[in-house]
Amino acid sequence: MAEGASREQAERVAAIARGQRFHAEIVGNDSRLAVAITGGAAKPAPQAFNMLPGVGRVVTQSSPYFLASRLYSPEDVIVDVGGIPIGGNNVVTIAGPCAVESEEQLFAVAERVQKRGVSILRAGAWKLRTSPWSFQGLESKALDLLAEVKRSTGLKIVTEVVSETTLGIVAEVADLVQIGARNMKNYPLLKAVGGCGRPALLKRGPDALLSELLSSAEYLLAAGSPGVILCERGVSGFGDHARNTLDLAVVPAVKKRSPLPILVDPSHGTGNRDMVLPLSRAAIAVGADGLLVEVHNRPEEALSDGPQALSLDDFDRLMDGVAPITAAIGRSS
Ligand code: PEP
Ligand code: MN
């Protein structure tokens, strides 16, 4: 629909499509509506629609996603996370521990990263681990601690949801709901998160094509999500020098196809704290909209992902090290 077209005009387009026995659904939000016309035995004829009031363009789409594409939003999308804009000229750093482990650990990390300008804290409550004997997270107790740190510091919170049953309590405290790499293709979960009222941080699966990542973003947007932020966190590779292969080429590829912001997670992308600073610099240089990094007050004692956790002093060095890159490419932080 054209900019400013009304919902009634979109309804009329949908009704005409349904009259021709297509499936028609109004998607998008009130600032920009679209009518998705699918199904039917033959392709819908563009001339049946392009003269109707409110219609902007009739786009024949063979790609599996539209709302996540530049066809729908030619301009870069800025996602509002509790008042913090992600995307646009700004480069954001989201930092915090892999998992909430204790009140003391969470506050130590939160207060220190906040001092360096961080306004969104990351920390997992439920952890998806390869072995059932590994630390699984403090679960709802972690949510209580996140609510407490949010109240006392004003930091915004991103935390992962691992099941539809816990989405309600996660979305109460999370300003940004994380979908982990393992759940990128969990379509029922994507639909639920899309409807939860909070924006989503969608991590790329370790074996996911870009078209699959953007199709997963489409699930969220089609379900009404107020915003989707993508995240590259490394894909499966064959090297033994790093935990994953951080695919920085995906950043300019996303920028070409999609208006959605993309962050890079060099912590899971490398699994190695010594690689976090150089890959963070590289990520910003190739155009990432920000970083997602793991920080721990005692990395050697971390209950999950210790080898990749930056110490509090390492985090200072990270912030000092990326600032010149951000400035060199004319972005702000
Ligand atoms: C995380 O961010 O803590 C996490 C589990 O990441 P991923 O889903 O990318 O493995
Ligand atoms: Mn982790």
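Everything below is about the structure printed above this text.
Let me begin by describing the structure that accompanies this report. Computed from a prediction, not measured in an experiment: that's the story for all the values here.

### A short note on the site of ligand 1
Next up, step 1: Close to ligand 1 lie Arg122, Lys127, Glu160, Gln178, Gly180, Ala181, Arg182, Lys203, Arg233, His268 and Glu294, which account for all nearby residues.
Next up, step 2: Take Ala181: an N or O atom from its main chain is 2.8 Å from an oxygen atom of ligand 1.
Next up, step 3: Contact between ligand 1 and Glu294: an oxygen atom at 3.5 Å from a side-chain N or O atom of the residue.
Next up, step 4: Among the residues making up the shell around ligand 1, the classes are represented as one nonpolar, three polar and seven charged.

### Focus: the sheet that holds strand S7 (residues 156-160)
The strands making up a sheet associate through backbone hydrogen bonding, with each pair oriented either parallel or antiparallel.
Next up, step 1: With parallel pairing, eight strands are arranged side by side around a closed barrel as S5-S6-S7-S8-S9-S10-S11-S12. Each neighbouring strand pair of the sheet contributes to a mean axis angle of 25 degrees, computed without reference to strand direction.
Next up, step 2: Examined bridge by bridge, strand S5 (residues 92-96) and strand S12 (residues 290-294) share five bridges and lie parallel to one another. By the bridge assignment, Thr93 is partnered in S12 with Leu291.

### Comments concerning the coordination of the manganese ion (ligand 2)
Next up, step 1: Distances from the manganese ion (ligand 2) to its protein donors, namely Cys98 (SG), His268 (NE2), Glu294 (OE) and Asp305 (OD), fall within the range 2.0 to 2.4 Å.
Next up, step 2: All donors to the manganese ion (ligand 2) come from one chain, and their sequence spacing reads C-x169-H-x25-E-x10-D. Pair noted here: Cys98 is in the loop between S5 and helix H2 (103-115) and Asp305 is in the loop between S12 and helix H10 (312-328), with a separation of 207 residues, a long-range link.
Next up, step 3: Among the residues examined, Asp305 registers a relative accessible area of 16% and is labelled buried.

### Quick look at unusual backbone geometry
Negative phi is the rule for most residues except glycine; trans is the rule for most peptide bonds.
Next up, step 1: Even without glycine at this site, Glu139 takes up a positive phi of about 55 degrees.
Next up, step 2: Among the secondary structure elements, Glu139 is positioned in the loop between strand S6 (120-122) and helix H3 (140-153).
Next up, step 3: The exposure class of Glu139 is partly exposed, given its relative accessible area of 36%.
Next up, step 4: Even without glycine at this site, Asp305 takes up a positive phi of about 55 degrees.

### Topic: the side chain of Thr159
Next up, step 1: Mapping Thr159 onto the fold places it in strand S7.
Next up, step 2: Judged by its relative accessible area of 1%, Thr159 is buried.
Next up, step 3: At 2.6 Å, the side chain of Thr159 and the backbone oxygen of Ala123 are in polar contact.
Next up, step 4: Leaving out residues up to four positions away in the same chain, Thr159 has contacts with Ala123, Gly124, Ala125, Leu143, Leu146, Val170, Ala174, Leu176, Val177 and Gln178.

### Describing the packing of H2 against H3
Next up, step 1: Here H2 crosses H3 at 35 degrees, and the two axes come no closer than 10 Å. The chirality of how H2 crosses H3 is right-handed. Contacts between H2 and H3 involve Glu103, Leu106, Phe107, Ala110 and Gln114 on the former and, on the latter, Leu145, Leu146, Glu148, Val149, Ser152 and Thr153.
Next up, step 2: When the residues that make up the contact of H2 with H3 are grouped by side-chain class, the tally is six nonpolar, three polar and two charged.

Cut-offs used in this document
Residues numbered from 1 in each chain as written. Chains lettered and ligands numbered in written order. Predicted model: local features only at pLDDT ≥ 70, side-chain atom pairs only at ≥ 80, totals over all residues. Heavy atoms only, no water. Near = heavy atom within 4 Å. Polar contact = N/O pair within 3.5 Å; in protein donor to acceptor, adjacent residues only side chain to side chain. Nonpolar A, V, L, I, M, F, W, Y, C, P; charged D, E, K, R; others polar. Pairing = 2+ DSSP bridges. Helix = DSSP H or I, 4+ residues; strand = E, 2+ residues; numbered from the N terminus. Axes fitted to C-alpha atoms, helices over the stretch in contact; angles between N-to-C directions. Donors = N, O, S within 2.8 Å, 3.2 Å for Na, K, Ca; no water. Buried < 20%, exposed > 50% of the residue type's maximum accessible area, 1.4 Å probe, protein only. Contact = heavy atoms within 4.5 Å. Left-handed = near helix turned anticlockwise from the far one by under 90°.

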